[in-house]
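# Commentary on secondary and tertiary structure
Below, each chain spelled out in residue letters.
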Amino acid sequence: MSAVLDTVLLVEVFVTLFVIMDPVGTVPIFLSLTSGRSPSSARRAAWQAVAVSFFVITVFAFFGQQILSYLHISLPALQGAGGLLLLLVALELLTGKEQEPTATVNTNVALVPLGTPLLAGPGAIVATMLFVQQVDSAATFVAVALGVVLVHAALWVAMRYSLPILRLIRESGVLLVTRIAGLLLSAIAVQLIADSVRAFMAGEG
């Protein structure tokens, strides 16, 4: 079995990406961003966000180092940019601006901020790039690929079945969830920015 699949690496990839991408923690943010949409639109946003995330992670897995080197972008710079973008979204959730029709109806939240940088954020991209560096055989390749696929399957399940929660908690519950999501998202954003600044100060930028 070890010749076909490196189970130790598979578990390491899955657990690491699961913690970073946090399917459970994504639920309140997904609910708040899709609260003004129809159930079919919310379901579509769920699989679109997962598809965008999977595409971005896959691209960076194969070409990440070359892309960053070509554009002269460091990983801390990518972290800082992702943190600033998430902070803008968090401020909208905290202040209630996400309830405006232009943000609720016309904006495809599955692309930004759900697909990226929330799901396929700097942390997940960097972790995937590091795991890819460990690929030296078919068994390790299958382990990394399967780990990425399983995490995205977990993300889809979490968002897809968050819709019954939305019907249960009603409008007042959505407002509460939105504020909590904004607070959590702002904390994630500040942490990304802090990590980026720390890396620059350490001369890694």
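Cut-offs and rules
Residues numbered from 1 in each chain as written. Predicted model: local features only at pLDDT ≥ 70, side-chain atom pairs only at ≥ 80, totals over all residues. Heavy atoms only, no water. Axes fitted to C-alpha atoms, helices over the stretch in contact; angles between N-to-C directions. Helix = DSSP H or I, 4+ residues; strand = E, 2+ residues; numbered from the N terminus. Parallel < 35°, antiparallel > 145°, perpendicular 65-115°, else oblique. Left-handed = near helix turned anticlockwise from the far one by under 90°. Contact = heavy atoms within 4.5 Å. Nonpolar A, V, L, I, M, F, W, Y, C, P; charged D, E, K, R; others polar. 1 Å grid on protein atoms, 1.4 Å probe; cavity = no way out; pocket = protein on both sides within 12 Å on 5 of 7 lines; lining within 4 Å. Points joined across faces, edges and corners; volume = space filled by probe spheres on them. Phe/Tyr/Trp six-rings, centres within 6.5 Å; stacked < 30°, edge-to-face > 60°. Buried < 20%, exposed > 50% of the residue type's maximum accessible area, 1.4 Å probe, protein only. Salt bridge = Lys/Arg side-chain N within 4 Å of Asp/Glu carboxyl O. Polar contact = N/O pair within 3.5 Å; in protein donor to acceptor, adjacent residues only side chain to side chain.

This brings us to the packing of helix α3 (residues 39-70) against helix α6 (residues 110-119). Two quantities define a packed helix pair, namely the angle between the helix axes and the distance between the axes. At a closest axis distance of 8 Å, the pairing of α3 and α6 adopts a crossing angle of 45°. Between α3 and α6, the interaxial angle falls into the category oblique. When you trace α3 past α6, the crossing you get is right-handed. Here A45, Q48, A49, V50, V52 and S53 of α3 come into contact with α6, specifically with A110, L111, L114, G115, T116 and L119. Split into classes, the residues belonging to the contact of α3 with α6 amount to eight nonpolar, four polar and no charged.

This brings us to the layout of surface pockets. To find leftover empty space, a probe the size of one water molecule is rolled over the atoms. Size it by volume and the largest pocket reaches roughly 360 Å³. Along its surface, the largest pocket is lined by 21 residues, and I20, M21, L118, I188 and L192 are the ones closest to its centre. Elements that contribute at least two residues to the lining of the largest pocket include exactly α1 (7-21), α2 (23-33), α4 (75-95), α6, α7 (122-132) and α9 (163-201). The leading source of residues in the lining of the largest pocket is α9, at five residues. A per-class count over the lining of the largest pocket returns 13 nonpolar, six polar and two charged.

All right, on to the packing of aromatic side chains then. Within this structure, the stated rule accounts for three aromatic pairs. When the ring of F14 is compared with that of F18, the centres are 5.6 Å apart and the planes differ by 35°; the resulting orientation is tilted. With F14 and F18 both in helix α1 and four residues apart, this pair spans about one turn of that helix. Note on F18: relative accessible area 29%, which makes it partly exposed.

What follows is about α7. Most of α7 sits inside the fold, with eight of its 11 residues counted as buried. Turning to α7, its buried residues number three or more, namely P122, A124, I125, V126, A127, T128, M129 and F131.

Before going further, it helps to examine the pattern of salt bridges. Oppositely charged side chains can pair when the atoms bearing their charge come close. Counted according to the given criterion, the structure contains one salt bridge. A salt bridge links D195 to R198, with the nearest nitrogen and oxygen atoms 2.8 Å apart. Placement of both D195 and R198 in helix α9 is noted, with a separation of three residues, approximately one turn of the helix.

Among the secondary structure elements, S53 is positioned in helix α3. When residues no more than four places from it in sequence are discounted, the contact partners of S53 are M21, G115, L119, A120 and H152. A distance of 2.9 Å separates a polar atom in the side chain of S53 from a polar atom in the side chain of H152.

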